[in-house]
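# What the coordinates show
What follows is the residue order along each chain.
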Amino acid sequence: MISKGLKYMILATFLFALMNVFVKMIPNIPAVQVVLFRSVVSLVLSAAFLKGQRVNLWGNNKKLLLLRGAFGSVGLILYFYTLQAMPLASAVTIQFLAPIFATILGIFIVREKVKPLQWFFFLLAFTGVVLVKGFDPRITPWLFLVGIISALFSGLAYNVIRKLKLTEHPLVIVFYFPLVTIPFAGIWSYFNWVVPTPVEWGILLIVGVLTQLAQYFMTKAYQVEELSKVSSLQYIGIIYALGFGFVLFDELFNVMSYVGMAIMLIGVFANVWYKNRISRV
C-alpha cells in the first residue's frame, strides 16, 4: 500500500507538471510577468498561512532569506523562459541538473563532502543533457545556456535553504521568494507590460495556485516520509513532460534525445540514491 508521504509527493510532482504546461500555454506573456503573477498569489497565500499559524513573517536571518529569494527569483524566471521557448521535456530535463549543481556548490557553501563516485554520476547527468541539446535543433546554444544558468541559480537557492533549515519556518522561506521577486518583476513588467487576454488572466491565476499547492504537498511529503523514499519521485516529472508535450504541443524527439534524457535521469537518480545510502552508513 502506498504511504501518505508517497501520495503527497506524487501529487506534488503532478501539480508541478501541470504548472509547467500552463506556463507554456502563454508564450506571449513574458516570463518575468508570469513570475510576477505567480509571486503575488504565493505572497498572499503564504502570508495568510503564516498569520493563521501565528508565525513571524520576517524570520530571523533576513540576509540569507533575501539571498534565497534573489537566487530563486532568477532561477524561476529563466526556467519559465525556457519552458516557453523550447520543448517541454527538454526544459524539464535541463532543470533537473539543479540537484547536481546544489551538491557541487554545497562543497563550498555548506561544506558538504562529495564522494569520488558522485563525480561520475555528475558527469553522467551532464552527458545526458548535452546529448539532448546536441540532437535537438530546437534548443539553440542561447536557450541551452539559459537553462543551465537557471539550474545553477536553483542549486544556489537550495544551498541557502539548507543553511536556513535550523533557524526558519519553512513557510517563511517560501514567503521571502515572492517578497523579493515582486519588486524586481514589478518594475520590469511596468516598462515591458503585455496586456493578457481574459483566458491568459485565468491561466496566470492557475499557475499561481498550482505552484502553491505543489509546494504545500511537497513540504508535507518531506515532513511525513523519509527523504530517501520521496526525493527520487520528483523525477517522474520528465515522464509527465514527455506525455503532456506530445499530447498538447505535438512535441516529438529523436532516439538520441530520448537516450540523453534517460542518461541524465540515471545520473541524477544514482546521485540521490548514493547520497541517501552513505548517509545511513
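Here we summarise the structure given alongside this text. (Residues numbered from 1 in each chain as written. Predicted model: local features only at pLDDT ≥ 70, side-chain atom pairs only at ≥ 80, totals over all residues. Heavy atoms only, no water.)

## A look at the side chain of S189
The residue S189 is located in helix α8 (residues 170-191) in this model. Within the local environment of S189, its side chain forms a polar contact with the backbone oxygen of A185, the two atoms lying 2.7 Å apart. Among all residues touching S189, those that are not within four sequence positions of it are V32, Q33 and L36. (Helix = DSSP H or I, 4+ residues; strand = E, 2+ residues; numbered from the N terminus. Polar contact = N/O pair within 3.5 Å; in protein donor to acceptor, adjacent residues only side chain to side chain. Contact = heavy atoms within 4.5 Å.)

## Concerning the environment of I203
Mapped onto the elements, I203 comes out in helix α9 (residues 198-224). Through-space distance from the C-alpha of I203 to that of N20 is 11 Å; in sequence the pair is 183 residues apart. In this view, I203 contacts F22, M25 and I26; residues no more than four positions away in its chain are not counted.

## Remarks on unusual backbone geometry
Of note in the backbone geometry, R54 takes a positive phi value of approximately 55 degrees without being a glycine. Within the element layout of this structure, R54 appears in the loop between α2 (31-52) and α3 (62-85). Using a relative accessible area of 81% as the deciding quantity, one classes R54 as exposed. In the Ramachandran plot, D250 falls in the positive-phi region, its phi being about 55 degrees despite a non-glycine side chain. Owing to a relative accessible area of 65%, D250 belongs among the exposed residues under this scheme. (Buried < 20%, exposed > 50% of the residue type's maximum accessible area, 1.4 Å probe, protein only.)

## Things to note about the packing of aromatic side chains
Tallied over the full model, the rule gives 16 aromatic pairs. Summarising the aromatic geometry, the rings of W58 and F175 are spaced 5.9 Å apart at their centres and angled 70 degrees between planes, so their arrangement reads as edge-to-face. With W58 in the loop between α2 and α3 and F175 in helix α8, this residue pair connects regions lying 117 residues apart in the sequence. Centroid distance F101 to F126: 5.5 Å. Interplanar angle 70 degrees. Geometry classified as edge-to-face. With F101 in helix α5 (residues 98-109) and F126 in helix α6 (residues 116-134), this residue pair connects regions lying 25 residues apart in the sequence. Taken together, the aromatic side chains of Y8, Y216 and F217 make up a single cluster linked through ring pairs. The ring of F249 has K24 lying over it, and the distance from NZ or CZ to the ring centre is 5.7 Å. For the cation-ring pair, R138 lies above F253, with the distance from its terminal atom to the ring centre recorded as 5.0 Å. (Phe/Tyr/Trp six-rings, centres within 6.5 Å; stacked < 30°, edge-to-face > 60°. Lys NZ or Arg CZ within 6 Å of the ring centre and 35° of its normal.)

## A closer look at the pattern of salt bridges
Overall, the coordinates contain two salt bridges when judged by the stated rule. The salt bridge involving K24 is made with E251; its shortest N-O contact spans 3.6 Å. Residue K24 is found in helix α1 (residues 4-24), and its partner E251 is found in the loop between α11 (237-249) and α12 (255-279); the two are separated by 227 residues along the sequence. (Salt bridge = Lys/Arg side-chain N within 4 Å of Asp/Glu carboxyl O.)

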